[in-house]
Amino acid sequence: MTTYNQISEELINNEAKEFYRFQGHNSFECYDIRNNRFNNDSHYVYVSNSKDHHYYFTVKRIKQLINTIVLNGTDYQITKKQITNNENYKNIKKIIFNSDKVRNLNSISLVCDQVYYALLKENCINSYQKTKDSGIERVDRKVFGGGYGVTDAWLDLFNDLTYFSSHLKISTIDVLNLLKKMKNKGIQASPQLIQDILETKQRNYIISPNLYDDFHKYTIMNDLERICQNGLYLEGSSFYTHPSKTIKEVLNSYKRKREKILTKIDRQYYHLSR
């Protein structure tokens with residue numbers, strides 16, 4: 001296990017929250033994998049609150065991709081009736097295998113400070129009830145733990161309190177294996193359909209470069225002050241009742257995590273360089 005993977009695992013078990021995102025097809029590609037951060041251009045960004053929701057949503061989006069893009073204009077669709085027909089199944093597989101549209105599909109994982117998750121939970125509202133343009137959306141609440149939608153200062157804070165990230169590429173072979181599971185199990189909307197496929201892959205976490213910036217705490221402070229100044233919180237939340245105390249607690253949490261992470265990395269470096 002690499003140093004970053006080990007530290008990420010320790011954080012997730014105790015002091016951090018892991019969010020997930022499927023990106024590709026018609027999911028807006030707002031996460032810049034190369035630079036390890038979201039691009040904030042006023043779009044809402046949606047992340048899954050659990051692995052099961054992430055797997056469920058990934059299956060849903062891949063099926064949508066195949067039916068609306070890859071199989072568009074053909075006589076085929078991914079339906080129980082068609083994929084249980086051996087001849088149709090064979091032809092669908094051939095079309096998918098030869099398609100150049102099954103690409104740039106990724107399963108993204110983000111290891112974020114636990115305090116951010118706490119703030120999300122107390123400041124979110126169901127998407128159909130939301131009235132503030134930059135408020136936090138709670139989506140799919142009843143489906144495997146659902147997810148959250150964030151934008152503006154909340155998205156910036158997400159970026160700035162994320163310590164590690166990883167991504168897994170979902171290949172054409174993975175999509176074909178997913179189709180095979182749909183055929184064999186007779187279901188098309190279960191997290192288990194892609195769980196085994198993704199969990200056989202090794203997630204390699206990379207560290208956020210923000211952790212090496214001594215002045216990054218001021219960026220986080222600015223995010224928090226923007227949330228307060230623009231009223232991007234709910235009445236009764238800690239931002240509403242104790243804004244200064246909440247900002248201080250978030251900054252102290254970041255400071256502790258940063259020191260802990262960098263100390264572990266330094267120790268591993270000296271261990272390996274002796």
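Since the structure is predicted, the reported quantities are computational estimates derived from the model, not experimental observations.

For any two helices packed against each other, one specifies the inter-axial angle together with the distance between the axes. Across the interface, helix α7 (residues 172-185) lies against helix α8 (residues 192-199) with an axial gap of 9 Å and an inter-helix angle of 140°. Crossing angle aside, the handedness with which α7 passes α8 is right-handed. Residues D174, N177, L178, K181, M182 and K185 of α7 form the contact with α8, whose participating residues are L193, I194, D196 and I197. Of the residues belonging to the contact of α7 with α8, the class tally is five nonpolar, one polar and four charged.

This next bit is on the packing of aromatic side chains. Given two aromatic rings, one states the distance between the centres and the angle between the planes to describe the pair. Here the structure, examined in full by the defined rule, presents 15 aromatic pairs. Residues F19 and Y117 carry aromatic rings whose centres are separated by 5.9 Å and whose planes lie at 75° to one another, so their mutual orientation is edge-to-face. In this pair, F19 is assigned in strand β1 (residues 16-23) and Y117 in helix α5 (residues 114-123), connecting sequence segments 98 residues apart. Its relative accessible area of 13% is what places Y117 among the buried residues.

Another aspect to go through is the side chain of K17. Tracing the backbone shows K17 in strand β1. For K17, the side chain forms a polar contact with the main-chain oxygen of N49, separated by 2.8 Å. In contact with K17, not counting residues within four places along its chain, are N49, L110, V111, C112, Q114 and Y117.

Residues Y116, W154 and F158 are the most contacted members of the largest nonpolar core, which totals 45 residues. With seven residues, helix α11 (residues 243-273) is the largest single contributor of residues to this core. If we skip the residues at most four places from it in the chain, Y116 touches F19, V150, W154, L157, F158 and L161. Counting residues in each nonpolar core, the second largest holds 28 residues, with I62, I96, I170 and I197 among its members.

With a phi angle near 55°, N104 is a residue other than glycine that sits in the positive phi range. You can see N104 is positioned in the loop between α4 (86-98) and β5 (106-113). The exposure class of N104 is exposed, given its relative accessible area of 51%. Notably, D140 is not glycine yet its phi reads approximately 50°, a positive angle. You can see D140 is positioned in the loop between β7 (136-139) and β8 (147-150). Classification of D140 by relative accessible area gives partly exposed; the value is 34%.

Scoring rules and cut-offs
Residues numbered from 1 in each chain as written. Predicted model: local features only at pLDDT ≥ 70, side-chain atom pairs only at ≥ 80, totals over all residues. Heavy atoms only, no water. Axes fitted to C-alpha atoms, helices over the stretch in contact; angles between N-to-C directions. Helix = DSSP H or I, 4+ residues; strand = E, 2+ residues; numbered from the N terminus. Left-handed = near helix turned anticlockwise from the far one by under 90°. Contact = heavy atoms within 4.5 Å. Nonpolar A, V, L, I, M, F, W, Y, C, P; charged D, E, K, R; others polar. Phe/Tyr/Trp six-rings, centres within 6.5 Å; stacked < 30°, edge-to-face > 60°. Buried < 20%, exposed > 50% of the residue type's maximum accessible area, 1.4 Å probe, protein only. Polar contact = N/O pair within 3.5 Å; in protein donor to acceptor, adjacent residues only side chain to side chain. Core = buried A, V, L, I, M, F, W, Y, C linked by side-chain atoms within 4.5 Å.

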